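Chain by chain, the residues:
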Amino acid sequence: MKDSERQGPSLAIGYFAILTSVLIWAGWIVAVRDAMVTKHAPLDIALLRYGAPAILLAPYWLRKGVFPKGESPLMLIIMTLGWGGPFVLMISQGMKTVDASLFGPLVPGLLPMVVALWGYVVEGDTMRLGRLLGLGFIAAAVVLVLGPAVAGGDPGLLAGAPWLVCACFGWSAFTIAFRRTNLSGIEAAAYVCLYSTPFLLVAAMIAGTGLFEYPARELAFQVTVQGVLSGAISVGFYGYAVRTLGLASTASFTCLVPVLAAIGGLVMLGETVGPAGWAASASACVGVLLVNRFAR
């Protein structure tokens, strides 16, 4: 995207959109971790995450049709597999044993590294020194948080980390594939939810679901957090940010999620964050600023 296309109100709205998405995701991480600790099933969380917005966003996919004309079926499949039902199932499985403060570096923390590597190797993006330095700070944040857990042989981390790393690659694939469509952010959310829901319903018919046993207040809370905020609003805003700010800049903002998730885990769940965790938070913030300053 040309620089001239990123000026004025659209640019400001783009930054507002990605910052709002980051706040929602940080809250979502804490909510999912709490749901896993309280023994909610990953499939139940996934059904709420995609079923509710599939209905809420129906006007968008009804207007363009179940299969939108002019869009690549392959890109739609990649988007759905990358940030659809499999994504939340992997996140939920991983967060059964991984704290909210460790989730951040493994998924949103690694995302800009994956996207940057793809851009450099596949799309021929240039790597300015400032951007490389920013990615270095991001990598340092990941090491600072994960290093002590890996060195100590944390069984919870070792069991859950592979699921979360796979989820990171899925999110990266969604980000790259979405860039190759003509869909708006909210339309992308509508189709990802639409295509995910039937498969999740079949899975629920086979494996069963505990959703009908949820108290009314808990069900309303989960629908709001999983379906409305995370499933619809955050994805729509994220897509808008990708269009207006560019792929690299948008992806780099996800590194703020570990900071906010660690704070949320501390305040809401009583999870402890050591000196290395706070150092990682500061490193991630510096990295985000540098990557955005020197993004092409």
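Residues numbered from 1 in each chain as written. Predicted model: local features only at pLDDT ≥ 70, side-chain atom pairs only at ≥ 80, totals over all residues. Heavy atoms only, no water.

**Regarding the environment of Val115**
Inspection of the secondary structure puts Val115 in helix α7 (residues 111–121). Residue classification places Val115 among the buried positions, given a relative accessible area of 4%. C-alpha of Val115 to C-alpha of Ile24: the two residues are 91 residues apart in sequence and 21 Å apart in space. Sequence-distant contacts of Val115, defined by excluding residues within four places in its chain, comprise Ser172, Leu247 and Ala251. (Helix = DSSP H or I, 4+ residues; strand = E, 2+ residues; numbered from the N terminus. Buried < 20%, exposed > 50% of the residue type's maximum accessible area, 1.4 Å probe, protein only. Contact = heavy atoms within 4.5 Å.)

**Side note on the confidence of the model for the protein chain**
When the pLDDT values of the protein chain are averaged, the result is 84; 96% of them are 70 or greater. Across the protein chain, element-level confidence peaks in helix α4 (residues 73–83) with a mean pLDDT of 94 and bottoms out in helix α6 (residues 100–106) with 76. Note on residues 1–6: pLDDT is under 50 here. Beyond four places in sequence and across chains, it has nine contacts. (pLDDT = per-residue confidence, 0-100.)

**Here's the deal with helix α9 (residues 155–178)**
Its 24 residues place the ends of α9 35 Å apart at the C-alpha level, agreeing with the 34 Å of an ideal helix rising 1.5 Å per residue. The principal kink in α9, of about 40°, is found at Ala161, preceding the proline Pro162 by one to four residues. One side-chain oxygen of the residue at the start of α9 lies 2.9 Å from the amide nitrogen of Gly156, identifying that residue as Asp154. (Expected span 1.5 Å × (residues − 1). Bend = angle between axes of the 7 residues up to and from the residue. Polar contact = N/O pair within 3.5 Å; in protein donor to acceptor, adjacent residues only side chain to side chain.)

**As for the pattern of salt bridges**
Pairing between side chains becomes possible if they bear opposite charge and their charged atoms approach one another. Inspection of the entire model under this criterion finds two salt bridges. In this structure, Glu187 and Arg63 form a salt bridge, with 3.3 Å as the shortest nitrogen-oxygen distance. Note that Glu187 is positioned in helix α10 (residues 185–207) and Arg63 in helix α3 (residues 58–64), a separation of 124 residues in sequence. In this structure, Lys64 and Glu187 form a salt bridge, with 3.7 Å as the shortest nitrogen-oxygen distance. (Salt bridge = Lys/Arg side-chain N within 4 Å of Asp/Glu carboxyl O.)

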